Amino acid sequence: MAPRSELLHLGYDVDENAVRFSNYFHVLRELVHLSSGWLALVPEFEAKYRLGDHIHDDARAVSRVRRRLYELRHPSDYPGSPGGGLTGLLDLMNEAGSPSTYLAIAYGEAKPALLRAMRTQLERLDPVSDEPSLRLLKKLVERQERHLVEMSVVGGGWSVEGDIGTLPIDLKAEPRKLCLLTPLDEPARDEFVEVTADGDPYLARELYVNDPDLNHVPVEPEEQRHFFHGLMDAELCAAELMARNSHEHREMPWDFHVDMARQTWDEVRHARLHHLLMPEALGCRWGDYPVGFSYFKSVYKHDLLGRLALFNSTSEQKAMWRHSRRRKVLVERGQQKVAQVFDYLLADEVPHVHNGARWGAYLCGGDDAAYRAKVRELRSGLDETGAPVSPPPASPATRARTR
Ligand SMILES: [Fe+2]
Ligand SMILES: [Fe+2]
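Residue numbers restart at each chain and count upward from 1, following the sequence in its written direction. For this description, chains carry letters from A and ligands carry numbers from 1, given in the order in which they are written. Confidence filtering applies because this is a predicted model: local features only for residues at pLDDT of at least 70, side-chain atom pairs given and counted only at 80 or more, and all residues used for totals across whole chains, interfaces and linings. Hydrogens and waters are ignored; side-chain quantities use all the structure's heavy atoms.

### Describing the pattern of salt bridges
Pairing of side chains with opposite charge becomes possible as their charged atoms draw close.
Here is step 1: For this analysis, a salt bridge means a side-chain nitrogen from Lys or Arg found within 4 Å of a carboxyl oxygen belonging to Asp or Glu. Overall, the coordinates contain 35 salt bridges when judged by the stated rule.
Here is step 2: Residue Arg50 is joined to Glu150 by a salt bridge in which the shortest nitrogen-to-oxygen separation is 3.6 Å. Taken together, the positions of Arg50 in helix H2 (residues 45-72) and Glu150 in helix H5 (residues 131-151) put the pair 100 residues apart, joining distant regions of the chain.
Here is step 3: Accessible area is worked out with a 1.4 Å probe on protein chains only. A residue is then buried under 20% of its type maximum, exposed over 50%, and partly exposed in between. Judged by relative accessible area, which is 15%, Arg50 ranks as buried.
Here is step 4: Here Glu150 falls in the partly exposed class, since its relative accessible area comes to 25%.
Here is step 5: Between Arg358 and Asp255 there is a salt bridge, with its nearest N and O atoms 3.4 Å apart. Here Arg358, found in helix H10 (residues 336-363), pairs with Asp255, found in helix H7 (residues 254-282); they are 103 residues apart in sequence, far enough to count as distant.
Here is step 6: The exposure class of Arg358 is partly exposed, given its relative accessible area of 34%.
Here is step 7: A relative accessible area of 41% means that Asp255 is categorised as partly exposed.
Here is step 8: Shared partners join several salt bridges into a network, and the residues in it are Glu46, Arg50, Asp53, Asp57, Arg60, Arg143, Arg146 and Glu150. By the criteria applied, helices consist of DSSP H or I runs no shorter than four residues and strands consist of E runs no shorter than two, each listed in order from the N terminus.

Shown next as structure tokens:
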């Protein structure tokens, strides 16, 4: 079939096109970086969940934009350094002093500006010579539109105007340095959730040991209510830890940030699963029991290598056995719905454990054996539930906070 007649309308030239993608790159990269920093401090579960999902979308967008830059500026994917016009917007995002201000700027100014520029480009680009940009931008626009609907934050009146795609980029300047938020004291939870030093005292250590003779699978309604409530909080802590790993380690390769973004999304999605399961199948709700951050703090205080060894390569690795056992016991008892939750948690845990091995070895100069030695060394300081044994000694309740 002969191609139907089309008008040739050459839109942007290659340089203009690359400048546009460079501007998008800088906005998206800083959104990933700053959202990863603020995630733990956003109290509302719904907003925390959305943010975790959008971090992952935006991290993948950065990878694709970078690839398009490589194609346009072959053989370099260097996005240059943002010029004065764009640094105004980026600095505004960095100056936010609270999670609500950050969300207002990110979702009320930065993302709308990004969306405006991408839509403008879609209208003007040539759909034949620049079809790769057309296809990419269609996807990116659709995602940004979804983000704005889902977060529904009203801008704070900073009024970033115009087409940010046209702002100048300095290709000879050094890369822009990302700013860090102060280290976390502890994560934030919805105001109706009680946070205590010991968390939920109902949760017993037998729920968290890997010994088949000692491990207890929660099967009764009351213990399942407490267990899944604690599990939802543990999933949030996992997301917050991964997001902070990304935010606090800007020196790591971009693939590391994509892996952390994916895990952040998986963990907030797991929390959402428990958030739905509790009222529907168990008769309880988020906020019915207290939560505690002693385990989170025991991991967060380590450097990146220690966090990966303790969390991904120990806590998550050992949780795989427990999830598998829980699923089996619950299937035998006819609790299919609850059992299926563990089936998916188990499947997602495999790449999370791999994140530990991949990036732990990277931090050890590519030496897998050195990383395994580090994992063994840190595990020797844990009790059979995975909680640190000294100092200070953990009370039974503070041990019960993992998965
Ligand atoms: Fe999880
Ligand atoms: Fe996980």
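Once the structure has been displayed, the description carries forward.
### A short note on the coordination of the iron ion (ligand 2)
Here is step 1: The coordination sphere of the iron ion (ligand 2), as far as protein atoms go, consists of Glu267 (OE), Glu316 (OE), Glu349 (OE) and His352 (ND1), spread over 2.0 to 2.3 Å.
Here is step 2: For the iron ion (ligand 2), the four donor atoms in the first shell make angles of 83 to 178 degrees at the metal, a pattern classed as irregular.
Here is step 3: The rule for donors is simple: an N, O or S atom within 2.8 Å of the metal counts, and for Na, K and Ca the reach is 3.2 Å. Water is not among the atoms, so a site may look short of donors. Of note, the donors binding the iron ion (ligand 2) are all from one chain and are spaced E-x48-E-x32-E-x2-H.
Here is step 4: The metal-metal distance between the iron ion (ligand 2) and the iron ion (ligand 1) is 3.5 Å, with Glu267 coordinating both. Here the residue Glu349 and the residue His352 both occupy positions in helix H10, the gap between them amounting to three residues, near one helical turn.
Here is step 5: Judged by its relative accessible area of 1%, Glu349 is buried. For four-coordinate sites, all angles between 85 and 135 degrees define a tetrahedron; for four- and six-coordinate sites, opposite donors beyond 155 degrees with the remaining angles between 65 and 115 define square planar and octahedral shapes respectively, and all other cases count as irregular.

### Description of H5
Here is step 1: For a helix, the expected span equals 1.5 Å multiplied by the residue count minus one. For H5, which comprises 21 residues, the first-to-last C-alpha distance of 30 Å matches the rise-based estimate of 30 Å (1.5 Å per residue) to within 8%.
Here is step 2: Turning to H5, its buried residues number three or more, namely Ser133, Leu134, Leu136, Leu137, Leu140, Val141, Arg143, Gln144, His147 and Met151.
Here is step 3: At the C-terminal side of H5, Ser152 shows a positive phi close to 35 degrees.

### Some details on the side chain of Asn94
Here is step 1: Position of Asn94 among the secondary structure elements: in helix H3 (residues 84-94).
Here is step 2: For the purposes of these results, a polar contact is taken to be a pair of N or O atoms within 3.5 Å, where, inside protein, one atom must be able to donate a hydrogen and its partner to accept one; residues adjacent in sequence count only when each atom of the pair is a side-chain atom. A distance of 2.8 Å separates the side chain of Asn94 from the backbone oxygen of Leu90, its partner in a polar contact.

### A short note on the layout of surface pockets
Here is step 1: Of the two site types, the cavity is a set of points on a 1 Å grid over the protein atoms alone where a 1.4 Å probe fits but cannot get out, and the pocket is an open set with protein on both sides within 12 Å along at least five of seven lines, each lined by residues with an atom within 4 Å of a point. Grid points are joined across faces, edges and corners, and a volume is the space filled by probe spheres set on the points. Its boundaries defined by the atoms lining it, the largest pocket holds a volume of some 440 Å³.
Here is step 2: Lining the largest pocket are 21 residues, with Arg29, Pro175, Arg176, Leu178 and Arg250 positioned closest to its centre.
Here is step 3: Among the elements of the structure, helix H1 (14-38), helix H6 (221-248) and H7 are those that each provide at least two residues to the lining of the largest pocket.
Here is step 4: Among the elements that line the lining of the largest pocket, the one with the most residues is H1, at five residues.

### Notes on the packing of aromatic side chains
Here is step 1: Centre distance within 6.5 Å is the pairing criterion for rings of Phe, Tyr and Trp, where only the six-membered ring of Trp is used; planes under 30 degrees apart are then read as stacked, over 60 as edge-to-face, and the remainder as tilted. Evaluated as defined, the whole model comprises nine aromatic pairs.
Here is step 2: The interplanar angle of 20 degrees and the centroid separation of 6.3 Å between the aromatic rings of Trp38 and Tyr102 together place this pair among those described as stacked. One end of the pair, Trp38, is in helix H1; the other, Tyr102, is in helix H4 (residues 99-124), with 64 residues separating them in the sequence.
Here is step 3: The exposure class assigned to Tyr102 is buried, which follows from its relative accessible area of 0%.
Here is step 4: Geometrically, the ring pair formed by Phe227 and Phe342 is tilted, given 6.2 Å between the ring centres and 50 degrees between the ring planes. Of this pair, Phe227 sits in helix H6 while Phe342 sits in helix H10; the two residues are 115 residues apart in sequence, bridging distant segments of the chain. Both residues of the pair, Phe227 and Phe342, belong to the buried class.
Here is step 5: One aromatic cluster in this structure is built from Tyr208, Phe227, Phe228 and Phe342.
Here is step 6: Looking at Arg124, its charged tip hangs above the ring of Tyr12, at a distance of 4.2 Å from the centre.
Here is step 7: Put simply, a charge is over a ring when the Lys NZ or the Arg CZ is close to the ring centre, within 6 Å, and near the line of the ring normal, within 35 degrees. Positioned over the ring face of Trp265 is Arg269, at 4.7 Å from the centre of the ring.

### Some thoughts on unusual backbone geometry
Here is step 1: Cis geometry marks the peptide bond from His74 to Pro75, where omega comes out at 5 degrees.
Here is step 2: Along the chain, the position of Pro75 falls in the loop between H2 and strand S1 (81-82).

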